[in-house]
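In case you want the letters, here they are:
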Amino acid sequence: GAGVSQSPSNKVTEKGKDVELRCDPISGHTALYWYRQSLGQGLEFLIYFQGNSAPDKSGLPSDRFSAERTGGSVSTLTIQRTQQEDSAVYLCASSASGTHSSGNTIYFGEGSWLTVV
Amino acid sequence: AQSVAQPEDQVNVAEGNPLTVKCTYSVSGNPYLFWYVQYPNRGLQFLLKYITGDNLVKGSYGFEAEFNKSQTSFHLKKPSALVSDSALYFCAVRVANDYKLSFGAGTTVTVRA
């Protein structure tokens with residue numbers, strides 16, 4: 001597509017429920033990122049996928065968070081047993097490549113706005 | 001480790017006046033520097049980047065930024081601000097052979113009519 005597409009754009013869920021957030025990167029982009037933006041925390045790196053390599057999961061805040069990328073394209077971020085502190089904007093981004101082209105621009109989607117009540 | 005500092009939480013200017021948003025960075029190696037803008041309830045939009053070459057880079061919406069290696073700064077500027085420039089601005093950095101983009105805390109710009 002023309003840009004990074006994320007769904008849902010808004011999600012309100014009850015504490016303890018699981019949620020899935022979807023990201024469709026720019027066509028042809030091999031690198032995909034998830035970031036979290038919450039009040040008072042700024043932009044926080046969560047996870048990185050590059051092609052068929054093992055993902056960098058070092059930013060995932062707890063084992064309730066997981067992500068996968070199927071077929072090197074669409075990615076899903078799953079939060080299990082949601083807590084109120086998970087309320088944030090989850091931003092997906094993609095770029096043409098990762099490590100060896102660090103000058104490449106990372107393009108962000110509009111975000112999935114998650115509220116846990 | 002790499003880091004970015006945006007020393008001002010807020011910047012307020014009158015429409016038509018120059019706008020500057022400050023950014024300093026700390027990296028080991030050569031930095032690749034980026035500016036993004038976030039309008040209310042929207043995602044991040046890319047404005048401009050410095051990779052190499054000319055220290056003055058021009059980007060979208062009339063913005064420009066100057067890379068200063070000795071001061072480790074990459075300030076964002078616009079000669080004449082518009083009310084529509086009111087938004088949250090993020091500076092970001094990464095280094096060669098790294099994929100992580102590290103962000104500053106953001107600066108809220110308010111341009112009054």
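Refer to the preceding data block for the structure.
Being a predicted model, the structure only gives us computed values, none of them experimental. (Residues numbered from 1 in each chain as written. Chains lettered and ligands numbered in written order. Predicted model: local features only at pLDDT ≥ 70, side-chain atom pairs only at ≥ 80, totals over all residues. Heavy atoms only, no water.)

(A) Seen up close, the state of the cysteines. All names here are of chain A. A complete count under the given rule lists two disulfides over all chains for this structure. Shown here is the disulfide that connects C23 with C92, its sulfur atoms set 1.9 Å apart. The S-S bond linking C23 to C92 shows a torsion near -70°; that makes this disulfide left-handed. You can see C23 sitting in strand β3 (residues 19–24) and its partner C92 sitting in strand β8 (residues 88–95), a full 69 residues away along the chain. Accessibility assignment for this pair places C23 and C92 in one class, buried. (Disulfide = S-S within 2.5 Å. Helix = DSSP H or I, 4+ residues; strand = E, 2+ residues; numbered from the N terminus. Buried < 20%, exposed > 50% of the residue type's maximum accessible area, 1.4 Å probe, protein only.)

(B) Broad picture of the pairing of strand β6 (residues 65–69) of chain A. Residues and elements named next belong to chain A. Residues F65, A67 and R69 line the buried face of β6, whereas the alternating positions S66 and E68 sit on a face that is not buried. In this structure, β6 lies alongside strand β7 (residues 75–79), joined through five bridges in antiparallel fashion. Bridged to R69 within β7 is S75. Here β6 folds back onto β7 in antiparallel fashion, the turn holding five residues, of which G71 has a positive phi close to 65°. (Pairing = 2+ DSSP bridges.)

(C) Molecular detail of the pattern of salt bridges. By the definition in use, this model includes six salt bridges over all chains. Across the salt bridge formed by R64 of chain A and D86 of chain A, the nearest N and O atoms sit 2.8 Å from each other. Of this pair, R64 of chain A sits in the loop between β5 (42–50) and β6 while D86 of chain A sits in the loop between β7 and β8, and the two are 22 residues apart along the sequence. Residue R64 of chain A shares its accessibility class with D86 of chain A, and that shared class is buried. Ionic pairing is found between K78 of chain B and D85 of chain B, a salt bridge with its closest N-O pair at 2.9 Å. In this structure, K78 of chain B and D85 of chain B share a single accessibility class: buried. (Salt bridge = Lys/Arg side-chain N within 4 Å of Asp/Glu carboxyl O.)

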